[in-house]
Amino acid sequence: MDNREKLLEQLTGVDSSKLNYYVELKKRNQDVLKQNSRLEILHQLARDINIDMSISDIIERTFTKLPQTLPCDFLGLVTVRNGDLKLKAMMPRDYCRIDDFPVHSPTLNVIRQKKAAVCNVTPEEICHVRINPAYPGPLKALAVAPMFKRDEVIGALIVASIHDTSYSEADLSFVQHLADQLAISIQNARLYKQVSRAKKEWEETFMAVTDPIFLVDTDYNVLLHNNHLPPEMSGFWDQRLSSKCFAKLHGRKEPCPNCPIREVKRTLRPVFQRWQTEGGLVLDLSYYPVLNEKKQLAAVTIILKDVTQKTKMEAQLVQAAKLAALGEMAAGVAHELNSPMTVIIGTAQMLARDLQIDGQPDKAEALDDIINSGLRCKRIIQNLLTFSRQDQPPVTDMDLNAEAQRVLSLIRYQINRSQIRIVEQFAPDLPKLTANGPQIQQVLTNFLINARDAMADVERREKVIRVATSLRKEGEKMWAVLSVTDNGIGIEPENLSKIFTPFYTSKEATKGTGLGLSVSLGIAESHNGTIEVESRPGMGSTFSLVLPVEHQ
């Protein structure tokens, strides 16, 4: 009797309330532990999923974590594009095949209603899911949550089990949170790919530019470059003395004087500069400011453009224009002198003949000087006409010695007037060359004028210019060499590499433009030849025009 009362008291009295309290507390503790476990999984997924992972990798990473807190035999991600649903990724990856989502599909209903749902489905409701026989099935319980991009549904997350009633309404909150987290991760991955693609395209464009480009910060550090530096400028760059632009480009330990970057800092405007390297390159440098969102200078873009050939062409055009004007004037002068010289020579010859007839040979011989001088003037006039003639063929067979003689007949007086003796050493029996005679004359004229100027300030007992021609054999190739040697001041070694640079000159502004040698080199190269220079400071220089001899 006492035991029965004791039992009733436990079931209906104070002890009964205590039992219910502890049962409820235990249940709540289990729910809290379960919820904490889910939150931990969400946090771990957010930490483990990288922005460079694919959607399939993200679903696989989620699938490995999910069974710790939720039954999951299948995990799928469905995307929406133009109103159509597509199974984008799933785990296991070969679990099933879904070609189309019918109207009664639970996933389609969730997307339409934009609300998560738990479904216990019949085989007829998921007949569109063709499960791989290697896996157990069919699926009987689904928890489907929409995935949002702002207010737009971009897909759905499907968690499925082969057991009935595997999911409750309480599980939906976790699935929805999971779907939201995956939506953010997928969007971040897509944005990362877009940024990476844009960055790659920019880098490819940057590297494809053939001109050297540098990105330099405000402290002169080279941040980026496209590895297109000319070989002549690679010396300091390869030494890697420092990351500073003045060290990598110029080998300096401090910023260059009048550095354009300082001007860019001051004005925030582009600056342009022309730079001539020690190797003879002529570069146009463009400095462009790179501003941040606060319109402050963040970096400077430097673009180098090699304009050496362009400058040489410009120099040739300038020289050609000068020669054209000079030739036109020479032609006019020659024609004006030709007629009176013809009268002078003709009259002298007639007088000489009459004196011979009259028996006065002595007086007739006195006229020979007039006739010979007149004929010499005629030859000079003819050379002027040849020099100025514009309708000649570009190249023809020519005698190098004869061309040199023509030049000397025109310029000998100018050189002799400077108390300089000309010595001729022409090789006999030189073969004919296929060349443009007036252009060869132009090169020799420039050599002779430079040789004369090189001896202007030299104190020597005898000033000599030697003009020589010779043959040179190199292997099976024959070369004709026309050289001019002087005993003038010579050229310093550090300036030898600059003498062919357009507009470079060591003369006074009134004595030269720095175009002669650059144009001469262009003429030599157009004939498949070259110009060689030997010089010793204080001793003199030798300039040689080397032209190929074609086999006859």
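Since the structure is predicted, the reported quantities are computational estimates derived from the model, not experimental observations.

Colleague: Looking at this structure, how should I read the overall build of the protein chain?
Modeller: When its secondary structure is counted, the protein chain shows 13 helices and 19 strands. In the protein chain, which comprises 552 residues, the proportion classed as buried is 41%. A separation of at least 24 residues holds for 59% of the contacts in the protein chain among residues at least 6 apart in sequence.

Colleague: How should the pairing of strand S11 (residues 282–291) be read in this particular structure?
Modeller: A regular strand carries its side chains on alternate faces of the sheet. With six bridges connecting them, strand S10 (residues 271–276) and S11 associate as antiparallel partners. Each residue of the ladder has a partner; that of glutamine 273, found in S11, is leucine 285. Looking at chain direction, S11 and strand S12 (residues 297–306) are connected through nine bridges and run antiparallel. Looking at the pairing, leucine 291 lines up with leucine 297 of S12. Linkage of S11 to S12, two consecutive antiparallel strands, is achieved through a turn of five residues, within which lysine 295 is found at a positive phi near 60°.

Colleague: What exactly am I supposed to notice about the packing of aromatic side chains here?
Modeller: Aromatic ring pairs are defined here through the distance separating the ring centres and the angle between the ring planes. All chains considered together, the criterion is met by five aromatic pairs. When the centroid spacing of 5.3 Å and the interplanar angle of 45° are considered together, the rings of tyrosine 95 and tyrosine 135 count as tilted. Of this pair, tyrosine 95 sits in the loop between strand S2 (84–91) and strand S3 (96–97) while tyrosine 135 sits in the loop between strand S5 (130–131) and strand S6 (141–149); the two residues are 40 residues apart in sequence, bridging distant segments of the chain. Residue tyrosine 95 is classed as buried on the basis of its relative accessible area of 1%. Seen in terms of ring centroids, phenylalanine 447 and phenylalanine 543 are 5.6 Å apart; in terms of plane orientation they differ by 40°. Their pairing is tilted. Here phenylalanine 447 is found in helix H12 (residues 437–454), whereas its partner phenylalanine 543 is found in strand S19 (residues 540–548), with 96 residues between them in sequence. Judged on exposure class, the residue phenylalanine 447 and its partner phenylalanine 543 are both buried. Put simply, the rings of Phe74, Tyr95 and Tyr135 touch in pairs and so form one group of aromatic residues. A cation over an aromatic ring shows up here: lysine 477 above the ring of tryptophan 479, its NZ or CZ 5.7 Å from the ring centre.

Colleague: Which parts of the structure should I look at to understand a negative patch on the surface?
Modeller: A surface patch of like charges, here negative, comprises Asp362, Glu365, Asp368 and Asp369. Structurally, aspartate 368 can be placed in helix H10 (residues 361–388). Overall, aspartate 368 belongs to the partly exposed group, its relative accessible area being 36%.

Colleague: Help me understand helix H11 (residues 400–417) in this model?
Modeller: Two residues of an α-helix separated by three or four positions point the same way, owing to the 3.6 residues in each turn. When the terminal C-alpha atoms of H11 are compared, their 26 Å separation across 18 residues agrees well with the 26 Å that a helix rising 1.5 Å per residue should span. Maximum bend of H11: about 50°, positioned at isoleucine 411. Residues of H11 that are buried include every one of Leu400, Asn401, Glu403, Ala404, Val407, Leu408, Ile411 and Ile415, and no others. Summarising the contacts, the buried residues of H11 are in contact with strand S13 (396–398), strand S14 (420–425), strand S15 (433–435), H12, strand S16 (463–474) and strand S17 (477–486). Between the side-chain oxygen of the N-cap and the backbone nitrogen of asparagine 401 there are 3.0 Å, and the N-cap of H11 in question is aspartate 399.

Colleague: Sorry if this is basic, but what is going on with the sheet that holds S16 here?
Modeller: Within a sheet, adjacent strands bond to each other through the backbone by hydrogen bonds, running parallel or antiparallel. Strand order across the open sheet formed by five strands is S14-S16-S17-S19-S18, with mixed pairing between neighbours. What marks the edges here is a single partner per strand, and that holds for S14 and strand S18 (530–536). Pairwise comparison of adjacent strand axes, ignoring direction, gives a mean angle of 20° for this sheet. Pairing analysis gives eight bridges linking S17 to S19, with the strands arranged antiparallel. Looking at S19, one finds that serine 483 is bridged to serine 544.

Colleague: Just to check I follow, could you spell out a nonpolar patch on the surface for this structure?
Modeller: A cluster of nonpolar side chains, namely Trp202, Leu223 and Leu224, defines an oily patch on the protein surface of about 300 Å² accessible area. Tracing the backbone shows leucine 224 in strand S9 (residues 222–225). Of the residues examined, leucine 224 reaches a relative accessible area of 35% and is grouped as partly exposed.

Colleague: Please explain the packing of H11 against H12 as it appears in this structure.
Modeller: Helix packing geometry: the angle between the two helix axes and the distance between the axes. Their axes nearest at 9 Å, the elements H11 and H12 cross at an angle of 40°. Taken as axis vectors, H11 and H12 run oblique relative to one another. In this structure, the crossing between H11 and H12 has a hand that is right-handed. Contacts between H11 and H12 pair Leu400, Glu403, Ala404, Arg406, Val407, Leu408, Ile411, Gln414 and Ile415 from the former with Gly437, Ile440, Gln441, Leu444, Thr445, Leu448, Ile449 and Arg452 from the latter. The class makeup of the residues in the contact of H11 with H12 is ten nonpolar, four polar and three charged.

Colleague: What's the story with the environment of glycine 251 in this structure? I'm lost.
Modeller: Residue position: glycine 251 is located in the loop between helix H7 (245–250) and helix H8 (260–267). Residues glycine 251 and tryptophan 237, 14 residues apart in the sequence, show an inter-C-alpha distance of 8.1 Å.

Colleague: Would you mind going over the sheet that holds S11 with me for this structure?
Modeller: The strand order S9-S8-S12-S11-S10 describes an open sheet built from five strands, whose pairing is antiparallel. Either end of the sheet is taken by a strand with one partner, and the two such strands are S9 and S10. On average, adjacent strands in this sheet sit at an angle of 25° to one another, irrespective of strand direction. Where strand S8 (residues 213–217) lies against S12, five bridges are found, and the strand directions are antiparallel.

Thresholds applied
Residues numbered from 1 in each chain as written. Predicted model: local features only at pLDDT ≥ 70, side-chain atom pairs only at ≥ 80, totals over all residues. Heavy atoms only, no water. Helix = DSSP H or I, 4+ residues; strand = E, 2+ residues; numbered from the N terminus. Buried < 20%, exposed > 50% of the residue type's maximum accessible area, 1.4 Å probe, protein only. Contact = heavy atoms within 4.5 Å. Pairing = 2+ DSSP bridges. Phe/Tyr/Trp six-rings, centres within 6.5 Å; stacked < 30°, edge-to-face > 60°. Lys NZ or Arg CZ within 6 Å of the ring centre and 35° of its normal. Patch = residues over 30% accessible without salt bridge, like charges linked within 9 Å, V, L, I, M, F, W, Y side chains within 5 Å. Areas by Shrake-Rupley, 256 points an atom, 1.4 Å probe, with all protein chains shown as cover. Salt bridge = Lys/Arg side-chain N within 4 Å of Asp/Glu carboxyl O. Lys, Arg positive; Asp, Glu negative; His and termini not counted. Charge placed at Lys NZ, Arg CZ, Asp CG, Glu CD. Expected span 1.5 Å × (residues − 1). Bend = angle between axes of the 7 residues up to and from the residue. Polar contact = N/O pair within 3.5 Å; in protein donor to acceptor, adjacent residues only side chain to side chain. Axes fitted to C-alpha atoms, helices over the stretch in contact; angles between N-to-C directions. Parallel < 35°, antiparallel > 145°, perpendicular 65-115°, else oblique. Left-handed = near helix turned anticlockwise from the far one by under 90°. Nonpolar A, V, L, I, M, F, W, Y, C, P; charged D, E, K, R; others polar.

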